[in-house]
Each structure stands twice: as structure tokens, then as C-alpha cells.
Amino acid sequence: MKPRNKYSAFGTFLMISSMIANHAFAGHIDLIQDDSNPANGVTNGTFNLSSSSATPVVGSQAGEPADILGGIRNVTLARNGGFGGTVSATKTAGTSVIAFRSTTIATGFLSLDYPGITNSNFLTLWDAISIDIPKLDNVFAAGDGEFDITVGVRSSAGNGTVTRFFEDPGTFSFLFTDPGFTGVDFSDVDGVTVSFQTRIIGTQFDVGSITRRDRAINQPVPDGGSSFALLGLSIGGLGLGRFLRGLRA
């Protein structure tokens, strides 16, 4: 009988543990963070756009697929209302948000499109597209920002859009079962667009991330579920202890 390769087994254990630990990040569309590697020939997704008219200003950023699903983010910005002024959208190095800012007399439109997504099965683990908005206020007074978020999904079977109004920061989920997505085949998605239209002048906001919501997180826990979870952790801990003791043997 050949001796066990303890270090190979330990490497396998670490790989599986890493896969489990990183499961929460597998549902990203755009993490909007600064960990892209310039050595791979891509940028970290930074940009700086400004608009003082209804004529759209556009930009495109490459990013690591682990940060931006499909590797490409297309940005469209326009100052399309109010009484003049400007709007801007920036992703600054060292930050983890896309910041939309407005002068006191402007409203604007921001679109984030992800055309690199092709033939992607969104039904594997997920049930919604979630947008994190950590900041939504107004240059006049904190808490007075208002905007519409529209999520558009393209698929082999057809396209769909859902628009909702918000006036407070938070994380907002757009369910795949929404009637606006009726014609979409979420098992074969070919692109996602998330856009923002401010409702009142001076509205400003940050986009923290765009992700697919894990359906398992939103399932009700049956009676005794916490006990079973703790039991599972205990068993897992015992298993890890035995594994490590085996390496020392």
C-alpha cells in the first residue's frame, strides 16, 4: 500500500475550504473594487465622466472577470434635466464605489452595462439581482435624494426590464420572477444593464456593488435550524481536528 501524501491531501483540503469560503462572491456582476491586476493587461475599472447636456458621454472599462462579470463595464452619463449645471460619475482608485454627483440645479442619468456576459446561467444559485446603494442624499440636505433604478436583462429567449423608485439608501433586490422579466430566460443570460435616473435636482448617490442574490440566504430556517447549523459546525470542527491530527501522525 502506497503511503499517503499528507501535503497533497492538505492542499486539497485548503482548496475545498477556499471554494466554500468564496462562495458568497461567486454571484457578482460588478464588485466595484480595486483588486484588478495590471499585470494581466487590464485596468482596475477607474473612470471619470462629466456631462452638462443631454448628449450622452460614454466610457468603457476592462476589469478582472472575478470583479466584473464578463470583464467589461460600459458607462453612459447624461445631464438630462433641471435648469443647467453638470453631473459626474467617477470610480476613483482606492475606493469601492461608483460616485454620481450633481450640481444644485441638475438631474441626470447613469447607465452601467455588462455586454461581456454571454450564455450565463443565473438560475444555478440565484433568484434576484441586487444593487447596493450605501449613499443617497442631496447637495441641499442629507436624505433628500430620489431616483429610479431600472434593471434590464437580455437573454436568448427575450429581454425584460423592471423600474423601481427609491428615496433612501439600502440594498435593493429585483426578483427574477418580477412580471417585467416574464420574457427572460435566466438560464441563458446575454447581458445586464443597471441604470439610474435622478428624480429631483441635486440628488447624489454611490453604487457599492451589483450582485446576484443567493436564493439559499433567503430561505426560511425551520424550527431547530440554528441547532442543526451549530451541530454542523461542531461536526465540521471535529472533522478538521481529525484531519490535522492525521497530518501529524
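The shown structure was predicted, so the numbers you read here are calculated from the model rather than taken from an experiment.

## Things to note about the pattern of salt bridges
Scanning the entire structure with this criterion turns up six salt bridges. A salt bridge links R73 to D30, with the shortest nitrogen-to-oxygen separation between them at 2.7 Å. Linking R73 in strand 4 (residues 72-82) with D30 in strand 1 (residues 28-30), this pair joins segments that are 43 residues apart in sequence. Residue classification places D30 among the buried positions, given a relative accessible area of 0%. Here D127 and R213 are joined by a salt bridge, their closest N and O atoms 3.0 Å apart. Of this pair, D127 sits in strand 8 (residues 126-133) while R213 sits in strand 15 (residues 209-214); the two residues are 86 residues apart in sequence, bridging distant segments of the chain.

## So, the sheet that holds strand 10 (residues 147-155)
Strand order in this open sheet of six strands is 3-4-7-13-10-11, and the pairing throughout is antiparallel. Single-partner strands in this sheet number two, and they are strand 3 (57-62) and strand 11 (159-166). Going across the sheet, the axis of each strand differs from the next one's by a mean of 15°, ignoring polarity.

## As for the confidence of the model for the protein chain
Here the protein chain averages 81 in pLDDT, and 71% of its residues register 70 or above. For the stretch residues 6-25, pLDDT sits under 50, and the model shows twelve contacts to residues farther than four places along the chain or on other chains. Contacts from residues 221-249, a stretch scored under 50 in pLDDT, to residues over four places away or in other chains number twelve contacts.

Rules behind the numbers
- Residues numbered from 1 in each chain as written.
- Predicted model: local features only at pLDDT ≥ 70, side-chain atom pairs only at ≥ 80, totals over all residues.
- Heavy atoms only, no water.
- Salt bridge = Lys/Arg side-chain N within 4 Å of Asp/Glu carboxyl O.
- Helix = DSSP H or I, 4+ residues; strand = E, 2+ residues; numbered from the N terminus.
- Buried < 20%, exposed > 50% of the residue type's maximum accessible area, 1.4 Å probe, protein only.
- Pairing = 2+ DSSP bridges.
- Axes fitted to C-alpha atoms, helices over the stretch in contact; angles between N-to-C directions.
- pLDDT = per-residue confidence, 0-100.
- Contact = heavy atoms within 4.5 Å.

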